[in-house]
Amino acid sequence: MLQGKIGITVARNLRGSGALEQAKAWTQSLDAVYVERPHNKTLPEVMAEQGLAALIVLEKDGPRIHSAAGTFAYHAGMAVLRIEQLVQGGKDHFLNALGVGEGGRVLDCTLGLASDAAVASWAVGASGTVVGVEASPLLHFAVDYGLKHYVTKWPVLDEALRRIKAVQMTAEAYLCQCTPDSFDVVYFDPMFRHPVQGSKAMEALRPLSLEEPLSPQAVELALKAAPKVVIKERSEYILREYGCTEFVGGKYSRVKFGIIRRQQ
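Only a predicted model underlies this, so the values are computations on that prediction, with no experimental measurement involved.

## Focus: the nonpolar core
So, point 1. I56 and L98 are the most contacted members of the largest nonpolar core, which totals 52 residues.
So, point 2. Setting aside chain neighbours within four positions, we find I56 in contact with I6, G7, I8, T9, W26, L30, P63, R64, I65, L138 and F141.
So, point 3. Ranked by size, the runner-up nonpolar core spans 27 residues in total, among them L175, V229, Y242 and C244.

## Comments concerning the pairing of strand β9 (residues 185-188)
So, point 1. Residues V185 and Y187 of β9 are buried on one face, and the alternating residues V186 and F188, pointing to the opposite face, are buried as well.
So, point 2. Across three bridges, the pairing between strand β6 (residues 105-108) and β9 is parallel. Considered in β9, the bridge of V106 is made with V185.
So, point 3. Where β9 meets strand β10 (residues 228-233), three bridges bridge the pair, whose relative direction is parallel. Across the sheet, V186 pairs through a bridge with V229, a residue of β10.

## Concerning the pairing of strand β1 (residues 6-10)
So, point 1. Of all five residues that make up β1, five are buried, and the element is covered over most of its length.
So, point 2. Side chains of β1 alternate between two faces, with I6, I8 and V10 and G7 and T9 buried alike.
So, point 3. For β1 and strand β3 (residues 54-59), the ladder comprises five bridges, and the chain directions are parallel. Considered in β3, the bridge of I8 is made with I56.

## Focus: the packing of aromatic side chains
So, point 1. All told, the structure shown has six aromatic pairs when counted by the stated rule.
So, point 2. When the centroid spacing of 5.0 Å and the interplanar angle of 85 degrees are considered together, the rings of W26 and F141 count as edge-to-face. Note that W26 is positioned in helix α1 (residues 19-30) and F141 in helix α6 (residues 137-149), a separation of 115 residues in sequence. There is no split in this pair, since W26 and F141 are both buried.
So, point 3. An angle of 80 degrees between the planes, with centres 5.9 Å apart, marks the rings of W26 and Y145 as edge-to-face. With W26 in helix α1 and Y145 in helix α6, this residue pair connects regions lying 119 residues apart in the sequence.
So, point 4. The class of W26 is buried, set by a relative accessible area of 6%.

## What to know about the side chain of S115
So, point 1. Following the sequence through the fold, S115 ends up in helix α5 (residues 115-124).
So, point 2. Engagement of the side chain of S115 in a polar contact is seen with the backbone nitrogen of A79, the distance being 3.4 Å.
So, point 3. Each residue touching S115, except ones within four places of it in the same chain, is listed here: M78, A79 and R82.

## Description of the state of the cysteines
So, point 1. By the definition in use, this model includes zero disulfides.
So, point 2. Here C109 is not cross-linked by a disulfide; its sulfur's nearest cysteine counterpart is in C178, at 7.5 Å.
So, point 3. According to the relative accessible area criterion, C109 is buried, its value standing at 5%.
So, point 4. You can see C244 has no disulfide; the closest cysteine sulfur is in C109, sitting 14 Å from it.

## Considering the sheet that holds strand β5 (residues 70-72)
So, point 1. Spatially, β2-β1-β3-β4-β5 is the arrangement adopted by the five strands of the open sheet, whose pairing is mixed. Each edge of the open sheet carries a strand with a single partner, namely β2 (33-34) and β5.
So, point 2. Relative to strand β4 (residues 62-67), β3 runs antiparallel, the two being bridged by six bridges. Residue pairing across strands places V57 opposite R64, the latter belonging to β4.
So, point 3. With respect to the sheet, α1 is in contact with β1, β2, β3 and β4, its orientation differing from that of β1 by roughly 170 degrees.
So, point 4. Sheet contacts for α6: β1, β3, β4 and β5; angle to β4, the most-contacted strand, approximately 150 degrees.

How each quantity is defined
- Residues numbered from 1 in each chain as written.
- Predicted model: local features only at pLDDT ≥ 70, side-chain atom pairs only at ≥ 80, totals over all residues.
- Heavy atoms only, no water.
- Core = buried A, V, L, I, M, F, W, Y, C linked by side-chain atoms within 4.5 Å.
- Buried < 20%, exposed > 50% of the residue type's maximum accessible area, 1.4 Å probe, protein only.
- Contact = heavy atoms within 4.5 Å.
- Helix = DSSP H or I, 4+ residues; strand = E, 2+ residues; numbered from the N terminus.
- Pairing = 2+ DSSP bridges.
- Phe/Tyr/Trp six-rings, centres within 6.5 Å; stacked < 30°, edge-to-face > 60°.
- Polar contact = N/O pair within 3.5 Å; in protein donor to acceptor, adjacent residues only side chain to side chain.
- Disulfide = S-S within 2.5 Å.
- Axes fitted to C-alpha atoms, helices over the stretch in contact; angles between N-to-C directions.

Take a look at the structure:
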């Protein structure tokens, strides 16, 4: 997870109109510093001069995070396509693994870009609950803003995004405060042990993310919070190491979902 000083500035085309006040408010919530951006210097030059590990730029569509690994801004990504297919009667391995419907209660312990949380929120509807926990303050900041403001071509997806409650905390810390059976299912999508090489999106996202492996303690706590735990991985062997006994995924799917059920 990215360590070091964080700076915040405003895009050049957004001077005025409350943008400066918004950016300075962000500095307080993130314990960051406001940085004036000279017209004759690039963002990498500003970051180097100020000794910044990351620089958040307030742009027209929200915050964009710049680091040495690249740039990141929230987008609904694959959630748009997945929900479009579901609306048309398609299937989704993730939802099949969760096994929830209208009114379901889902805890996503690795919120990330919230793509899976968005699909879960669509499935459980307005009467359901989806809580997404994200350990990284920077990633939580950008995604929480996106969940509240991002607009797609699908109103049903926008509604699903707005219903997700994003929490900035480690999974274990959040699970420790959960009462028994607070949820119907707890979901983990830890960073794959063997990263996909050549994925620019993931390369930019990785420095912002917590890359610690899923711990047995977290799984144990999750089985107290819900009777069912679902874990996403590329390897069935790794899923079996976690204790999964059921598996969901297509024959040619790049990932699988492992299921652990609480023993009665």
